[in-house]
Amino acid sequence: MRKFLIKISYTVLPLWLILVGSVLYVSLYVSPRISGDLGALACIPFGHEYDERIAAQAPKDTLFLTIETDEELKAASVDVLAIGDSFSQQVCGSYQNYLAHSGLSVANCSWRLFGSPLQYAYNMLEAGIIDSTRVKVLILETGERLFEIEVGNFSPGRPNIPRASGGGGGNEWSLSRARDMLLHRIGLNAAVSSARLDSDLFSSNEPSTLYFYYDDLGNGTALSASAAAKAKEVQAALRAKAAERGVRMIWMIATDKYDLYQQHIVDNPFPRKTVMEDIAKVLGESRDLLLTKSVLQPMVDSGVADVYLFNDSHWSYKGTEAVANELLARITLKTEQ
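Residues numbered from 1 in each chain as written. Predicted model: local features only at pLDDT ≥ 70, side-chain atom pairs only at ≥ 80, totals over all residues. Heavy atoms only, no water.

A. Spatial organisation of empty space enclosed by the protein. Evaluation of the coordinates by the stated rule reveals one cavity of 30 Å³ or more. Quantified by volume, the largest cavity comes out at close to 60 Å³. Taken together, Glu144, Arg145, Phe147, Glu148, Asn219, Gly220, Ala222, Leu223, Lys273 and Val275 form the lining of the largest cavity. Residues that form the lining of the largest cavity fall into these classes: four nonpolar, two polar and four charged. (1 Å grid on protein atoms, 1.4 Å probe; cavity = no way out; pocket = protein on both sides within 12 Å on 5 of 7 lines; lining within 4 Å. Points joined across faces, edges and corners; volume = space filled by probe spheres on them. Nonpolar A, V, L, I, M, F, W, Y, C, P; charged D, E, K, R; others polar.)

This is the structure we're talking about:
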């Protein structure tokens, strides 16, 4: 027995101590300092000072209405209704809030209501829940990263499937979180990548480092021929249904973080992404299609810091304000016509 215990003491015990130490380090030091969706994905302790400083510069009051149920949507009466993915789920610093601060009445559909914003918007229009008596302008937002998937899954007549509610928060006292941290530090985390930029484009402690969600590349760097054809069909179906209900529609596509910053990556080892340019060629320029890269790229190219968040895959208040101003110009133009 004594020999067995001695053997364990220099074989199993050191490994056990390393594992326990790693879990303690992640749980007690790293986890409290995680911020942003990229920090959460790769267990990166970005800290909270950056988020707090950025948030302090956004509007303080939330003036738009959040729609949580279909019944609330039926009862809503607003100038602008937004239906979109995670880019539409921000609060004080959202484009909806900037529009509301401009004097418009604005409502946003919680994305718990749907799996696909395209499908949900079409179904609500078809059912007459969204029509000109309750909504003047419908902003339909989808992200570039999932554009091909979204248009591919769209079909008139397909039922809406609400987003599955998530479970409780992840267990911080777990080996999986320690694994995430270790894989990121040795460069093997498949979820989050980083690159060096040619200038300081973030007001963080790593101003010239770009962190981005690898699925910005993993879901495709160009629009396939089949997706291009389907995108035309989807746009035509949405336009027709919105027109039938007397609702002005703006389809807004939020550019990926990698796409927006790719030309500023030093000796870029990643492939060039052309999805937004491909969409522009396929769908053409129109007042009811807003490709946000055209608004945000000049800001990045001119050296504006924090157009997107350093530790997150989404835009900051600077990006949302610029997008909101463009939306407001289009809404005003459409209202005057």
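B. Local environment of helix H13 (residues 275–283). Val275, Met276, Asp278, Ile279 and Leu283 are the residues of H13 that are buried. Angularly, the buried residues of H13 cover 160 degrees about the axis, an arc narrow enough to put them on a single face. Considering only its buried residues, H13 is in contact with helix H8 (147–153), helix H11 (225–244), strand S7 (248–254), helix H12 (257–261), strand S8 (289–291) and helix H14 (293–301). Taken from the residues just after H13, Gly284 is the one with a positive phi, measuring 75 degrees. (Buried < 20%, exposed > 50% of the residue type's maximum accessible area, 1.4 Å probe, protein only. Helix = DSSP H or I, 4+ residues; strand = E, 2+ residues; numbered from the N terminus. Arc of directions from axis to C-beta. Contact = heavy atoms within 4.5 Å.)

C. Fine view of the side chain of Asn123. Summarising the element assignment, Asn123 is placed in helix H7 (residues 117–126). Filtering out sequence-adjacent residues up to four positions away, Asn123 remains in contact with Arg158, Pro159 and Asn160.

D. How the structure looks around the sheet that holds strand S1 (residues 65–67). Across the sheet, which stays open at both edges, the six strands sit in the order S1-S3-S2-S4-S7-S8 with parallel pairing between neighbours. Each edge of the open sheet is held by one strand with a lone partner, namely S1 and S8. On average, adjacent strands in this sheet sit at an angle of 20 degrees to one another, irrespective of strand direction. Both S7 and S8 contribute to a ladder of three bridges, which runs parallel. Along S8, the bridge assignment pairs Ile253 with Leu291. Along the sheet face, H7 touches strand S2 (78–84), strand S3 (106–109), strand S4 (135–143) and S7 and points at about 155 degrees away from the line of S4. (Pairing = 2+ DSSP bridges. Axes fitted to C-alpha atoms, helices over the stretch in contact; angles between N-to-C directions.)

E. Spatial organisation of the packing of aromatic side chains. Scanning all chains against the criterion turns up 16 aromatic pairs. Taking 5.5 Å as the distance between ring centres and 85 degrees as the angle between the ring planes, the aromatic pair formed by Tyr211 and Phe310 counts as edge-to-face. Pair noted here: Tyr211 is in strand S6 (residues 209–213) and Phe310 is in the loop between H14 and helix H15 (317–336), with a separation of 99 residues, a long-range link. Take Tyr211 and Phe310: they sit in the same class, and that class is buried. Chaining the aromatic ring pairs together yields one cluster made of Phe46, Tyr50, Phe87, Phe202, Tyr211, Tyr261, Tyr308, Phe310 and Trp315. (Phe/Tyr/Trp six-rings, centres within 6.5 Å; stacked < 30°, edge-to-face > 60°.)

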